[in-house]
Amino acid sequence: MYTVDTLIDWYREYAADLRIAREEQRELLARRPMRPKLDDLEAEISYLTVRALRPHTVIEIGSYHGWSTSWLLRALRDNGDGVLHTYDLVDHAARTLPDELTHTRWRFTRGDVRTAELPDDPGFVLVDARHTAGFARWYTAAVLDRLKPGVAVAVHDIYHGRRPWPNSEGTVLLRWLRGRGLGYLTAARHGDPDLRDHLLGVKRRLAMSAPVHTGTHDPMVFFSTAEPV
């Protein structure tokens, strides 16, 4: 699912809608007290994944002030279908996200996701929560191992350097991926700087080079669960 050619195709196919979403996100950031954790490429790839795959159910574990949440909700809105289920210990996002995004497409649960009942059959799962090896061992077993084949997944805070930190969330996740023979894609400047530069070049050609926000925190990885043989 996640290849360089696929991402380029998605950028081209949804360029017009993505330009609008980027401008809306700029306006949201100017009006609301948000602290974006996803950089532009990570947010855009998440948006494009939802646009392209058209999942009816999306799960987000960790929202903080709702930057990733707002991107996912815009993608569902632009698809005209789907519901986002978000889980977090804090409810900052519930106070910062505009009603026009959340009214019909958002289900927020405050509390420990480990005790929650997650919806069945999600098409996309984004994880950006407690960044510890222990939490990673929980979600790889309790969430990722239970996903159907072909589900898209994004996990933040993996590539802070050329390799994940020892005994970290990243180490646990990459070991889980290797154990199942799954590859992944990252546009992190430390993880795959060549891919990052390539995608930035695509964005320049599509007149989307101006940043939505200036953060440089970009350690996310993207992958899909195993397809049936």
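I will try to describe carefully the structure that is included in this document. Position numbers for residues count from 1 along each chain, tracking the sequence in the order it is written. Reporting of local features is limited, given that this is a predicted model, to residues whose pLDDT is at least 70; pairs of side-chain atoms are given and counted only at 80 or more, and all residues count toward the totals for whole chains, interfaces and linings. Heavy atoms throughout the structure, all of them, feed into the side-chain values; hydrogens and water do not.

## Re the overall build of the protein chain
The test is simple: Each helix is a run of DSSP H or I of at least 4 residues and each strand a run of E of at least 2, with the numbering of both proceeding from the N terminus. Summary of the burial criterion: residues with accessible area below 20% of their type's maximum are buried, those above 50% are exposed, and those between are partly exposed, where the area comes from a 1.4 Å probe applied to protein chains only. We get accessible surface area from the Shrake-Rupley algorithm with a probe of 1.4 Å; when it comes to residues, only the shown protein chains can shield them. Counting rule for charge: Lys and Arg are taken as positive, Asp and Glu as negative, and neither His nor the chain ends is counted. Note that the charge is assigned to NZ on lysines, CZ on arginines, CG on aspartates and CD on glutamates.
Scanning the protein chain from terminus to terminus reveals nine helices and six strands. Seen through its principal axes, the protein chain has C-alpha atoms that stretch 40 × 40 × 35 Å. In the protein chain, buried positions account for 54% of the 229 residues. Accessible surface for the protein chain amounts to roughly 10600 Å². Of this, 48% is attributable to carbon and sulfur atoms. Averaged over its 31 positive side-chain charges, the protein chain has a centre that lies 3 Å from the centre of its 31 negative ones.

## As for the pattern of salt bridges
Stated precisely, the cut-off is as follows: Think of a salt bridge as a Lys or Arg side-chain nitrogen and an Asp or Glu carboxyl oxygen that are within 4 Å of each other.
The final tally for this structure, using the stated rule, is 13 salt bridges. One salt bridge connects Asp112 with Arg114, and the closest N-O pair in it is separated by 3.0 Å. The partly exposed category is assigned to Arg114, whose relative accessible area is 37%. As a salt-bridge pair, Asp121 and Lys148 come within 3.7 Å of each other at their nearest N and O atoms. Remark: Lys148 occurs in the loop between helix H7 (133–142) and strand S5 (152–155) and Asp121 occurs in the loop between strand S3 (106–110) and strand S4 (124–127); sequence separation between them is 27 residues. Asp121 gets classed as partly exposed once you look at its relative accessible area, which sits at 49%. Residues joined in a network through salt bridges with shared partners are Glu24, Arg74, Arg77 and Asp78.

## Notes on the nonpolar core
The test is simple: Side-chain atoms within 4.5 Å link the members of a nonpolar core, which is a set of buried Ala, Val, Leu, Ile, Met, Phe, Trp, Tyr and Cys residues.
Core analysis: the largest hydrophobic core is formed by 44 residues, its most contacted members being Tyr2, Tyr11, Ile45, Phe124 and Leu199. Those elements giving two or more residues to this core turn out to be helix H1 (4–13), helix H2 (15–31), helix H3 (40–53), helix H4 (67–79), S4, S5 and helix H9 (193–205). Core analysis: the second largest hydrophobic core is formed by 28 residues, Ile61, Tyr87, Tyr139 and Trp176 among them.

## Description of the sheet that holds S3
This is how the line gets drawn: Pairing between strands is defined by DSSP: at least two bridges between them are needed. Axes here refer to lines fitted to C-alpha atoms; in helices the fit is confined to the stretch in contact. Angles between the N-to-C directions go from 0 to 180 degrees. Should any heavy atoms of two residues lie within 4.5 Å, those residues are considered in contact.
The six strands lie next to each other as S3-S2-S1-S4-S5-S6, forming an open sheet whose pairing is mixed. Where the open sheet ends on each side, the last strands, each with one partner, are S3 and strand S6 (221–224). When the angles between neighbouring strand axes are averaged without regard to direction, this sheet yields 15°. Relative to S4, strand S1 (residues 57–61) runs parallel, the two sharing four bridges. Each residue of the ladder has a partner; that of Val58, found in S4, is Phe124. Strands S1, strand S2 (83–88), S3 and S4 of the sheet are contacted by H4, whose axis makes an angle of about 170° with S2.

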